[in-house]
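# Survey of secondary and tertiary structure
Listed below, chain by chain, are the residues.
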Amino acid sequence: MYQRSIDDPAGFWSEIAEEFYWEQRWNPDEVCSENLDVTKGPIKIEWFKGGRTNICYNAVDRNVESGNGDKIAMYWEGNEPSQDGKLTYSELLDKVCQLANYLKSVGVGKGDAVVIYLPMLMELPIAMLACARIGAVHSVVFAGFSADALAQRIVDCKPKAVITCNAVKRGLKLIPLKDIVDTSLVESAKNGVNVGICLTYENQSALNKVDTQWKPGRDVWWQDVVPNFPTKCDVEWVDAEDPLFLLYTSGSTGKPKGVLHTTGGYMVYSATTFKHAFDYKPGDVYWCTADCGWITGHSYVTYGPLLNGASVLIFEGAPNYPDPGRSWDIVDKYGVTIFYTAPTLIRSLMRDGTEYVDRYSRKSLRVLGSVGEPINPTAWRWFYDVVGDSRCPISDTWWQTETGGFMITPLPGAWPQKPGSATFPFFGVQPAIVDEKGRELEGECSGYLCIKKSWPGAFRTLYGDKDRYETTYFKPFAGYYFSGDGCSRDKDGYHWLTGRVDDVINVSGHRIGTAEVESALVSHPKCAEAAVVAIDHEVKGQGIYAFVTLVDGVSYSDDLRKSLIMTVRSQIGAFAAPDKIHWAPGLPKTRSGKIMRRILRKIASRQLDELGDTSTLADPGVVDQLIALSDS
């Protein structure tokens, strides 16, 4: 299949696209047209040009019409173990149509933007699907972003409406989402963008209506209006290249980049990658722990699974609440067969030991998956041996917001795995590893990871900033899409991601990926987690500064510091030995578990007055602890 996808991409992807419903078929001569070479004119990527379809129809209506209306589309597990819910495909269709009809009634139409700022309630994917049904462009903003960050995104895409809920509880913590939205709407108005509608879902388990701040005329309770609308709503057929969603990703300059995905190619690609990378079978119960505020929640909570008619689990709470066994409790409760999560979560659960895992059967698990960053071999082995009882293959997926779907990933059981390697490219993906001058390297090598040809899930532009799109992704190496990541290929052709190139430290001419050093540190039996950043060094150019979190019960000592440094020396070499080990009771993470290395760089270089916004952190207090431990 891979060989055919490279030799005849038009034929390969057309055959797969035929499995979906198209109101109008694409032009067979224009399955794909592209230019990835900035020296030959503007960058252009188009797939299934002339085709007309609707992703909501394919994800929901088609499943009902094929006789699967009574199948569970979504299970929902609340913050408290006693809270749960579920929707069949028929019930999901009714709810999507009601919301779509409401949005139309307030003037939202094809091409209009809607900002969605919701926690992991079933109403979040419902809102995404309702927008897609009527041709509106959704922009989901992770409900952990601050009011400033939300306002920035509102000002950029000028939405007709904002959809939110009054509050959410994560663990024992109450997060007043509506207050954050109110602040952001005031800020947006100062910048000339007035949003006329704020549709607010009452999340009763977190906060009652009477305790919610309210602005009559703008604010509307979801429960008061949406259920009154009809459960039938006509589908807006859109062109394959019409926009489906905007998703903002952080840029190195600080201004977020609005990654724009279109409909046809993204639909085909998200569905196909889900089906093959997880070996999906109709009886599977699938759980991806990602939030829909990130690309993983778009492609692999909402669109990819539903396009395959899967039963998806949506979890509102925190994986360690009320205790670190919560994930495995959920796996047993729903009979989860496919479990897809991030290395950060795996490492934090490792830290709590195996007793919380061993309490639960987990016998339903069949395939495991990893996403978000390179997974270090120690965490990979724990995930494989302990969580999966050494019987579940791990799909260690490399991809990006910009790629729309998996690019390099194992196919479960198809070839031997190497712990920490994303293995081989997905169908249609042609990776190239190039050196600083853009020369393609063959065989065993290390360099910059680029992609040679377009694939259906590729993003088409940065919203309102075509120049930045071309400069960031296509100018560094003409003729290629530049991923921004470093990569090694071993003698067997397996790919090993080494992290962002801007997370590569140049020590005395040696290029060292931060992920490599972190992996070596975490292999030490007393190290639970590590984050490595670069600091200026007057002799070496850059030095290595490591923040290290120890396993529970282990105390800080000079001997342990030396032992950690020796571990890195022995695994990578003396040139990679950290110049400084900074003890870290915790690391600054977003609520989705991403380590905020920007903050760590400022602490390491003592630029404490430039820490910036820490409101999106799961625990902002960690920053003060790290500063206090700077000299210990």
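The paragraphs below set out a description of the structure included in this document. Owing to the predicted nature of the structure, the values given are computational and were not obtained by experimental measurement. (Residues numbered from 1 in each chain as written. Predicted model: local features only at pLDDT ≥ 70, side-chain atom pairs only at ≥ 80, totals over all residues. Heavy atoms only, no water.)

## Describing the sheet that holds strand E17 (residues 311-315)
Backbone-to-backbone hydrogen bonds pair the strands of a sheet. The strands run either parallel or antiparallel. For the record, the criterion: For two strands to count as paired, DSSP must find a minimum of two bridges between them. The helix and strand labels rest on DSSP assignments: H or I over at least four residues marks a helix, E over at least two residues marks a strand, and numbering proceeds from the N terminus. Note on method: axes are straight lines fitted to C-alpha atoms, helices fitted across the in-contact stretch only, with angles between N-to-C directions ranging 0 to 180 degrees. Should any heavy atoms of two residues lie within 4.5 Å, those residues are considered in contact.
The 7 strands are arranged E5-E4-E17-E16-E18-E19-E20 in an open sheet whose pairing can be described as mixed. Because the sheet does not close on itself, it has two edges, and the strands there are strand E5 (84-88) and strand E20 (394-396). On average, adjacent strands in this sheet sit at an angle of 20 degrees to one another, irrespective of strand direction. Relative to strand E18 (residues 338-341), strand E16 (residues 285-288) runs parallel, the two sharing 3 bridges. Within E18, the position partnered with Cys 288 by the bridge is Tyr 340. Sitting on the sheet, helix H4 (residues 89-105) touches strand E4 (72-77) and E5, and the angle it makes with E5 is about 90 degrees.

## Things to note about the nonpolar core
Going by this rule: Residues belong to a common nonpolar core when they are buried Ala, Val, Leu, Ile, Met, Phe, Trp, Tyr or Cys residues joined through side-chain atoms within 4.5 Å. Only protein chains enter the calculation, and the probe is 1.4 Å; a residue is then buried if its accessible area is under 20% of its type maximum, exposed if over 50%, and partly exposed in between.
The biggest cluster of nonpolar side chains holds 139 residues, and the ones touching the most others in it are Trp 13, Phe 48, Leu 92 and Leu 99. The element contributing the most residues to this core is H4, with 9 residues. Residues within four places of Leu 99 in sequence aside, it is in contact with Ile 126, Ala 127, Ala 130, Leu 199, Trp 222 and Val 226. Formed by 29 residues, the second largest nonpolar core is a distinct cluster that contains Trp 287, Trp 328, Leu 349 and Met 350.

## A few points about the sheet that holds strand E22 (residues 445-451)
Spatial strand order, E21-E22-E24-E25: 4 strands in an open sheet with antiparallel pairing. Strand pairing shows two members of the sheet lacking a second neighbour, strand E21 (431-434) and strand E25 (495-500), which therefore form its edges. Each adjacent strand pair in this sheet contributes to an overall mean axis angle of 45 degrees, direction not counted. Here 5 bridges tie strand E24 (residues 481-489) to E25, and the two strands are oriented antiparallel to one another. Counterpart to Arg 489 in the pairing with E25 is His 495.

## Considerations on the packing of aromatic side chains
Going by this rule: Stacked, tilted and edge-to-face are the three classes applied to pairs of Phe, Tyr and Trp rings, where Trp contributes its six-membered ring and a pair requires centres within 6.5 Å; stacked means planes under 30 degrees apart, edge-to-face means over 60, and tilted covers the rest.
Inspection of the entire model under this criterion finds 53 aromatic pairs. The interplanar angle of 70 degrees and the centroid separation of 5.5 Å between the aromatic rings of Trp 455 and Tyr 481 together place this pair among those described as edge-to-face. Linking Trp 455 in the loop between E22 and strand E23 (461-462) with Tyr 481 in strand E24, this pair joins segments that are 26 residues apart in sequence. Neither Trp 455 nor Tyr 481 differs from the other in exposure class; each is buried. Both rings, one in Phe 477 and one in Phe 482, keep their centres 5.1 Å apart while their planes meet at 80 degrees; by these two values the pair is edge-to-face. Take Phe 477 and Phe 482: they sit in the same class, and that class is buried.

## Regarding the pattern of salt bridges
The criterion, for reference: What makes a salt bridge here is a side-chain nitrogen of Lys or Arg within 4 Å of a carboxyl oxygen of Asp or Glu, nothing more.
Under the definition given, this model contains 37 salt bridges. Put simply, Asp 224 and Lys 209 hold a salt bridge, and the shortest N to O gap is 3.0 Å. Residue Asp 224 is found in helix H8 (residues 222-225), and its partner Lys 209 is found in the loop between strand E11 (197-201) and strand E12 (219-221); the two are separated by 15 residues along the sequence. Given the relative accessible area of 43%, Asp 224 is considered partly exposed. According to the relative accessible area criterion, Lys 209 is partly exposed, its value standing at 29%. A salt bridge links Lys 602 to Glu 610; the shortest N-O distance between them is 3.3 Å. The exposure class of Lys 602 is partly exposed, given its relative accessible area of 21%. Residue classification places Glu 610 among the partly exposed positions, given a relative accessible area of 40%. Linked through salt bridges whose partners overlap, the residues forming this network are Glu 77, Asp 84, Arg 326 and Lys 333.

## Remarks on the environment of Asp 291
Rule in force here: In protein, a polar contact means a hydrogen-donor-capable atom and an acceptor-capable atom, both N or O and within 3.5 Å, with residues adjacent in sequence counting only if both atoms are side-chain atoms; elsewhere, any N or O pair within 3.5 Å suffices.
Counting through the fold element by element, Asp 291 comes out in the loop between E16 and helix H10 (295-307). A relative accessible area of 12% means that Asp 291 is categorised as buried. Considered as a pair, Asp 291 and Asp 558 are 267 residues apart in the sequence and their alpha carbons are 40 Å apart. Sequence-distant contacts of Asp 291, that is, excluding residues within four places in its chain, are made with Met 120, Leu 124, Phe 142 and Gly 297. There is a polar contact of 2.7 Å between the side chain of Asp 291 and the backbone nitrogen of Gly 293.

## Observations regarding the pairing of strand E29 (residues 541-550)
Our working definition: Seen with its strands pointing away from the viewer, a crossover is right-handed when the path leading from the first strand over the helix to the second is clockwise.
Among the 10 residues of E29, 8 are classified as buried, and the element is accordingly described as predominantly covered. Sheet topology places strand E28 (residues 527-537) next to E29; 10 bridges connect them, and they run antiparallel. Within E29, the position partnered with Ala 531 by the bridge is Phe 547. Linking E28 to E29, which pair antiparallel, is a turn of 3 residues. Here 4 bridges tie E29 to strand E30 (residues 580-583), and the two strands are oriented parallel to one another. Across the sheet, residue Phe 547 finds its bridge partner in E30, namely His 582. Considered for its hand, the β-α-β crossover made up of E29, helix H17 (residues 558-571) and E30 is right-handed.

## Brief notes about helix H19 (residues 621-628)
Put simply, the rule reads: To be clear, the arc concerns the directions from the helix axis to the C-beta atoms.
The set of residues buried in H19 consists of Val 622, Val 623 and Leu 626. What you see down the axis of H19 is that its buried residues fit within an arc of 105 degrees, all on one side. For H19, the exposed residues lying more than 90 degrees away from the buried face are Asp 624 and Ala 628.

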